Amino acid sequence: MSKNSVFIYSDAFQTYKFHDRHPFNQLRVKLTYDLLQTLGALHDGQIVAPRLATDEELALVHDVDYIEAVKKAGKGQLSEDVALNYGLGTEDTPIFPNMHEASALLVGGTLTAVDYVLSGKAEHALSLGGGLHHGFRGKASGFCIYNDSSVAIKYMQEKYGVRVLYVDTDAHHGDGVQWTFYDDPNVCTFSIHETGRYLFPGTGNVNERGQGKGYGYSFNIPVDAFTEDESWLAAYKEALMEIADFFRPDVILTQNGVDAHYYDPLTHLCATMRIYREIPKLAHQIAHQYCNGRWIAVGGGGYDIWRVVPRAWALLWLEMTEQSDISGRLPENWVARWQPHAPVSLPLEWDDPENLYSPIPRKAEITEKNAQTVMKALQPIRSNKQRLNL
């Protein structure tokens, strides 16, 4: 088993909590942590506590006025009108006590992962508390107060001077990260997500390619609603391999939202656990092929916290630590421990059954449409290769 991976974790990740009925629930991180420990696949020597991100680090991306507004909101000192101007106090991002501290800890967890990898203490690092990719410079959005990935990328640029490939497999477009680096040729963003036709945030079209010096460094593959494993994986693999070869990054940062699963209540995709076995495999391969093994991974979306998230995120760590050949039944004592708390029947096995859902009537049409989308997304890379060959 590889000893070159660290797992950033604290029970305090759960302080990032809007309210009991909100779909964003960080109990999923604890469920994953407990699953891995029960399995014997995560040991104390691999666990690293996160730190709080400083105000100066947050200000690498976020406006100082916004940071101050988040602090005041968490203390009950921000008026409703002012809060709404910052995207705070909405249905998606309601205000909760100590919101700044809870949010800064998630960012600090990702920065802890960055420092472990880029200082050479570890090849790979996983911080499942992060992945809040919708946060903007001066506004909260989509359950995200601060954007830990954007802050981490700016931090990597300033402290380590690296070129970063950001890969986002969340079902929702990674809009906050894309727009932060839209004009930066030293950051390449790739997001594969459900089309914004029916899903928040409504962006992530193929023609969002960057601007100025950053033109050609933003890639989006919006797959059709009801996309299944085969089509999703074909798009992901073809695109990521070509993008990585084009950009040749120094480090890869992957956002691992797991809301493309059929069970997820907020999206319309039909993926199964199969894609969550394959997503980290390719990221791992690219890390070693182009980045001397430097791979930082964060969490993201995932709103079936009982049946999907623990298995999918556990598989991410298992791939990272070269233990990914696991299959069969989940640990019985993990299921027994958590079933009394779950409103649904917990899965008993790592993989989903073949008949998880009824056949999709438009499968052939969806598959063809997604293939055309990949061609459009990769057209600039392929055209440039043709010119160079001439």
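Residues numbered from 1 in each chain as written. Predicted model: local features only at pLDDT ≥ 70, side-chain atom pairs only at ≥ 80, totals over all residues. Heavy atoms only, no water.

As recorded in an unreviewed UniProt entry, the protein chain goes by Acetoin utilization protein AcuC and comes from Anoxybacillus flavithermus NBRC 109594. Quoted straight from UniProt, the Pathway (unreviewed entry) entry for the protein chain says "Ketone degradation; acetoin degradation." According to its UniProt record, the protein chain has this under Sequence similarities (unreviewed entry): "Belongs to the histone deacetylase family." (UniProt positions renumbered as here; feature names shortened; annotations may be inferred.)

(A) Quick peek at the overall build of the protein chain. On a plain count of helices and strands, the protein chain comes out with twelve helices and eight strands. For the protein chain, the spread of C-alpha atoms along the principal axes amounts to about 60 × 50 × 45 Å. Nonlocal contacts in the protein chain, meaning residues at least 24 apart in sequence, comprise 78% of its contacts between residues at least 6 apart. Surface accessibility of the protein chain: about 15600 Å² in total, with carbon and sulfur atoms responsible for 48%. The averaged location of the 48 negative side-chain charges in the protein chain is 3 Å from the averaged location of its 35 positive side-chain charges. (Helix = DSSP H or I, 4+ residues; strand = E, 2+ residues; numbered from the N terminus. Contact = heavy atoms within 4.5 Å. Areas by Shrake-Rupley, 256 points an atom, 1.4 Å probe, with all protein chains shown as cover. Lys, Arg positive; Asp, Glu negative; His and termini not counted. Charge placed at Lys NZ, Arg CZ, Asp CG, Glu CD.)

(B) Just the packing of aromatic side chains, in detail. Counted by the stated rule, this structure contains 21 aromatic pairs. An angle of 90° between the planes, with centres 6.3 Å apart, marks the rings of Tyr 9 and Phe 13 as edge-to-face. Residue class for Phe 13 comes out buried when judged on its relative accessible area of 1%. An aromatic cluster is defined as three or more aromatic residues linked by ring pairs; in this entry it consists of Tyr 16, Phe 18, Phe 24, Phe 96, Phe 143 and Tyr 303. Above the plane of the ring of Tyr 116 lies Lys 121, whose end atom (NZ or CZ) is 5.0 Å from the centre. For Arg 307, the ring lying beneath its charged end belongs to Tyr 263, and the centroid distance is 3.8 Å. (Phe/Tyr/Trp six-rings, centres within 6.5 Å; stacked < 30°, edge-to-face > 60°. Buried < 20%, exposed > 50% of the residue type's maximum accessible area, 1.4 Å probe, protein only. Lys NZ or Arg CZ within 6 Å of the ring centre and 35° of its normal.)

(C) Structural detail: the layout of surface pockets. Size it by volume and the largest pocket reaches roughly 320 Å³. Lining of the largest pocket is provided by 14 residues; of these, Asp 229, Thr 272, Arg 274, Pro 353 and Glu 354 occupy positions nearest its centre. Sorting the residues of the lining of the largest pocket by element identifies α8 (229–247) and α9 (273–290) as the ones contributing at least two each. Residues that form the lining of the largest pocket fall into these classes: four nonpolar, one polar and nine charged. If you add up the space inside the second largest pocket, you get close to 180 Å³. Along the walls of the second largest pocket sit Thr 195, Asn 205, Val 206, Pro 222, Val 223, Asp 224, Lys 369, Asn 370, Thr 373 and Lys 376, which together make up its complete lining. At the level of elements, β6 (218–223) and α12 (363–389) are the ones that each hand at least two residues to the lining of the second largest pocket. By residue number, the principal contributor to the lining of the second largest pocket is α12, which donates four residues. Partitioning the lining of the second largest pocket into residue classes produces three nonpolar, four polar and three charged. (1 Å grid on protein atoms, 1.4 Å probe; cavity = no way out; pocket = protein on both sides within 12 Å on 5 of 7 lines; lining within 4 Å. Points joined across faces, edges and corners; volume = space filled by probe spheres on them. Nonpolar A, V, L, I, M, F, W, Y, C, P; charged D, E, K, R; others polar.)

(D) Broad picture of the pattern of salt bridges. Scanning the entire structure with this criterion turns up 19 salt bridges. With its nearest N and O atoms 2.9 Å apart, the salt bridge here joins Glu 57 to Arg 51. Of the charged contacts, one joins Asp 351 and Arg 277 as a salt bridge, the two residues approaching to 2.8 Å between their closest N and O atoms. Residue Asp 351 is found in the loop between α11 (332–338) and α12, and its partner Arg 277 is found in helix α9; the two are separated by 74 residues along the sequence. We classify Asp 351 as partly exposed; its relative accessible area is 31%. (Salt bridge = Lys/Arg side-chain N within 4 Å of Asp/Glu carboxyl O.)

(E) Layout of the UniProt feature "domain: Histone deacetylase" (unreviewed entry) in the protein chain. Under the local residue numbering, the UniProt record ascribes the feature "domain: Histone deacetylase" (unreviewed entry) to residues 22–317. Along residues 22–317 one finds 40% helix and 11% strand; the C-alpha atoms at either end are 26 Å apart.

(F) Structural detail: the sheet that holds β6. Read from one edge of the open sheet, eight strands run β2-β1-β3-β8-β7-β4-β5-β6, paired in parallel fashion. Each having just a single partner strand, β2 (47–48) and β6 make up the two edges of the open sheet. Pairing analysis gives six bridges linking strand β5 (residues 187–194) to β6, with the strands arranged parallel. Residue pairing in the sheet places Thr 189 in a bridge with Ser 218 of β6. Taken strand by strand, α8 contacts β4 (164–168), β5 and β6, and its axis lies near 175° from that of β5. (Pairing = 2+ DSSP bridges. Axes fitted to C-alpha atoms, helices over the stretch in contact; angles between N-to-C directions.)

(G) Focus on helix α10 (residues 309–320). With twelve residues, α10 extends 17 Å from end C-alpha to end C-alpha; this agrees with the ideal 16 Å at 1.5 Å per step. The element α10 is largely enclosed, with a buried count of twelve among its twelve residues. Every buried residue belonging to α10 is among Val 309, Pro 310, Arg 311, Ala 312, Trp 313, Ala 314, Leu 315, Leu 316, Trp 317, Leu 318, Glu 319 and Met 320, and all of these are buried. (Expected span 1.5 Å × (residues − 1).)

(H) Main features of unusual backbone geometry. Here the bond from Phe 200 into Pro 201 is cis, since omega is 0°, no more than 30 degrees from zero. Although it is not a glycine, Phe 226 sits at a positive phi angle of roughly 75°. Examined against the element boundaries, Phe 226 turns out to sit in the loop between β6 and α8. The exposure class assigned to Phe 226 is partly exposed, which follows from its relative accessible area of 40%. Phi angles above zero are rare outside glycine, and Glu 322 is one such case at about 60°. Summarising the element assignment, Glu 322 is placed in the loop between α10 and α11. Given a relative accessible area of 56%, Glu 322 falls into the exposed group.

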